[in-house]
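Fold and geometry: a report
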Amino acid sequence: MNRVAIIGGGLTGLSTAYYLGQAQPSWQIDVYEKESRFGGKIKTKRVDGYVVEVGPDSYLARKQAMTDLINELGLGETIVTNATGQAFIYNDNRMFPIPGGAIVGIPTEFVPFAKSTLLSWPGKFRAMQDYFKSPYPTDGDVSIGEFFRYHLGNEMMDKLIEPLLSGIYGGNIYELSLDATFPEFHSMERKYGNMVKGMLAARKQRGASGTKPSGQFRQLTGGLESIIDALVAQMPSNVTLYKNTDVTSIEKVAAGYVLGGTVMTPYNELIITTPPQSYGAWFKEDSKFNELISMDLSSCAIAIMGFDRASFDAPLNGTGFVITRKCKTPLTACTYISVKWPQTTPEDRVVLRVFMGKPGDDTVQRLDEESLKELALEEIQKIMNFTAKPLWTELTRLNKSMPQYKVGHRDMIARLTAYANKAYPGLHMIGTPFDGVGMPDGVRQAKTLVDKQFSNR
Ligand SMILES: Cc1cc2nc3c(=O)[nH]c(=O)nc-3n(C[C@H](O)[C@H](O)[C@H](O)COP(=O)(O)OP(=O)(O)OC[C@H]3O[C@@H](n4cnc5c(N)ncnc54)[C@H](O)[C@@H]3O)c2cc1C
């Protein structure tokens, strides 16, 4: 009988087990999770009528793998779309509306862009000159920052694109790989010549299909953790889930792999779904893994605060704001959860989700949790100009949690995978270090791995 071990009981590991258990019902599949709970970074707080995500918050609807999994688990009817509304940029102590029609900050409609008070006229002219620009002068990979600066100029970068894009990866966009993070912009540029023409074409297409822009994000009424609960409850019977089991070593033997800290039976095959730093304990003797093990990870803290609506003394215009990097605050963004996701919050309450952790600023790692809570409150009160005190604050500190796909990431992963395929037969590596850092990316990688490598045996 084939025996397969999966390391990591987060969303990626559990979905792999779920799909593999179905594809090969006669195999024995064991999942090892070092913590006392499954779900990894996904954590939902369900108390007193609140359903609040303290880890990841929602997923991008266009990434279909996640919706497919949710439907398969019978949770499709609990999917909720975000309420749309004006989002803002905070700069120079003021809130500026993000120009209507902008896609990740890139304008697609002339009038709202021209009217925007966020950008100076020279900044607007520089961005519009992109219409006449040719593609970025390289065929290879380039940083997100360099690419957009070339097309749209410094002011657009600093005030619009940088705060919007850096929030997703929590890192320095002048180091992050365009091909590994937003490959669609590179292909759009190749097709249309520049960003403005590409964006105008995208807008035309949207208009032609008659679809109005709607909420792009999805949550579940029971919270994201309900996906984890459903996966655990509906796991095929040939899958065994082990908690509190730290896999301390991986030894390659003739029959496959022996895992330290587990029942030690050799497994024919091994699937790893953990973050990059965990490879340090297993492959430190093999220098080919060095780039993976030493991959940069950004840190952030999220302070989620619940307020009494009656005494909340600031207007909640729109759904939230992002903060430009040059503002003197460790905060990077704030989402009005009770506006964007009304189903998460009792009607008489307001919930804010405040993000901290700028590239190059170690506040998040330096301060203890109480100090971070105090700092988040002090700063958000200053920015939004209110005095109300929260009824509760939940702080999640995610130290070194978000892999940074630097320029050349795809090549690095291709080199490593080609090497591992030869040197470690039966070893499969998926998850956030490899091909996408979002939840749906993990589910997609799980499904693709099972379909391509395991289904036809
Ligand atoms: C601040 C932040 C905000 C985010 N927001 C979003 C969002 O809004 N939307 C979105 O789509 N994505 C978001 N993400 C990304 C999302 O959290 C991840 O894509 C997803 O949780 C990854 O799941 P995973 O199973 O691959 O990894 P993880 O959740 O990291 O799970 C890996 C598991 O492996 C276990 N493990 C590690 N080492 C060992 C070992 N030696 N032995 C056994 N087990 C081990 C860990 O305990 C963990 O449970 C966010 C990430 C961060 C950091």
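Conventions used here
Residues numbered from 1 in each chain as written. Predicted model: local features only at pLDDT ≥ 70, side-chain atom pairs only at ≥ 80, totals over all residues. Heavy atoms only, no water. Core = buried A, V, L, I, M, F, W, Y, C linked by side-chain atoms within 4.5 Å. Buried < 20%, exposed > 50% of the residue type's maximum accessible area, 1.4 Å probe, protein only. Helix = DSSP H or I, 4+ residues; strand = E, 2+ residues; numbered from the N terminus. Domains from an automatic or database assignment. Contact = heavy atoms within 4.5 Å. Buried area = accessible area lost by both parts, 1.4 Å probe. Near = heavy atom within 4 Å. Polar contact = N/O pair within 3.5 Å; in protein donor to acceptor, adjacent residues only side chain to side chain. Areas by Shrake-Rupley, 256 points an atom, 1.4 Å probe, with all protein chains shown as cover. Nonpolar A, V, L, I, M, F, W, Y, C, P; charged D, E, K, R; others polar. Pairing = 2+ DSSP bridges. Right-handed = clockwise from strand over helix to strand, strands pointing away. Arc of directions from axis to C-beta. 1 Å grid on protein atoms, 1.4 Å probe; cavity = no way out; pocket = protein on both sides within 12 Å on 5 of 7 lines; lining within 4 Å. Points joined across faces, edges and corners; volume = space filled by probe spheres on them. Salt bridge = Lys/Arg side-chain N within 4 Å of Asp/Glu carboxyl O.

Things to note about the nonpolar core
Among the nonpolar cores identified, the biggest contains 35 residues, and Leu11, Leu69 and Ile227 are the most heavily contacted of them. Contributing elements (two or more residues each) for this core: β1 (3-7), α1 (11-23), β2 (28-32), α2 (64-72), α10 (225-233) and α17 (439-454). Core analysis: the second largest hydrophobic core is formed by 34 residues, Ile89, Leu118, Leu176 and Met195 among them.

A short note on the domain arrangement of the protein chain
As far as domains go, the protein chain holds domain 1 (3-40 + 226-295 + 406-454), domain 2 (99-208) and domain 3 (297-403). Taken over C-alpha atoms, the centre of domain 1 sits 36 Å from the centre of domain 2. Contacts between the two partners involve 6 residues from domain 1, matched on the other side by 10 residues from domain 2. Interface area for domain 1 against domain 2, summed over the two sides, is near 610 Å², with a carbon-plus-sulfur share of 64%.

Observations concerning the site of the ligand
Lining the immediate environment of the ligand, one finds 32 residues, of which Thr12, Glu33, Lys41, Ser58 and Val437 sit closest. Between a nitrogen atom of the ligand and a main-chain N or O atom of Ser58, the distance comes to 2.6 Å. For the ligand, an oxygen atom lies 3.3 Å from a polar atom in the backbone of Gly438. When the ligand sits alone it has 1000 Å² of accessible area, and the protein chains cover 90% of it. Elements with a minimum of two residues in the shell around the ligand: α1, β18 (392-403) and α17. When residues in the shell around the ligand are grouped by element, the largest group, 3 residues, is from β18. Across the shell around the ligand, the residue classes break down as 13 nonpolar, 13 polar and 6 charged.

Focus: the pairing of β2
Counting buried positions along β2 gives 5 out of 5 residues, so the element sits mostly inside the fold. Judged from the 5 bridges that link them, β1 and β2 form a sheet pairing that is parallel. Bridge pairing in β2 places Ile6 opposite Val31. Of the crossover connections in this fold, the one passing from β1 over α1 to the parallel β2 is right-handed. Relative to strand β10 (residues 239-242), β2 runs parallel, the two being bridged by 4 bridges. From the neighbouring strand, Val31 faces β10, where its bridge partner is Leu241.

Some details on the sheet that holds strand β5 (residues 59-60)
If you walk across this open sheet you meet the 3 strands as β5-β9-β6, and the pairing is antiparallel. Of all strands in the sheet, those bounded by a partner on one side alone are β5 and β6 (79-81).

Some thoughts on helix α5 (residues 144-152)
Buried within α5 are the following residues: Ile144, Gly145, Phe147, Phe148, His151 and Leu152. For α5, the arc enclosing every buried residue in end-on projection is 165°, short of the 170-degree limit, so these residues lie on one face. Gly153 occupies a position one or two residues after α5 and carries a positive phi of about 90°.

A short note on the layout of surface pockets
Volume-wise, the second largest pocket comes out at about 300 Å³. In terms of lining residues, the second largest pocket is bounded by 19 residues, among which Gly170, Leu297, Ser298, Pro359 and Gly360 are the most central. Broken down by element, the residue count for the lining of the second largest pocket peaks at 3 residues, all from strand β14 (residues 297-308). If you count residues domain by domain, the lining of the second largest pocket takes at least three from each of domain 2 (99-208) and domain 3 (297-403).

Comments concerning the pattern of salt bridges
If you walk through the whole model with that rule in mind, you get 21 salt bridges. Between Lys159 and Glu155 there is a salt bridge, with the nearest N and O atoms lying 3.0 Å from each other. Of this pair, Lys159 and Glu155 are both found in helix α6 (residues 154-169), 4 residues apart, which corresponds to roughly one turn of the helix. A relative accessible area of 19% means that Glu155 is categorised as buried. Taking the shortest distance from any N to any O, the salt bridge between Asp348 and Arg349 comes out at 3.6 Å. Residues participating in the shared-partner salt-bridge network are Lys63, Asp435, Asp441 and Arg444.

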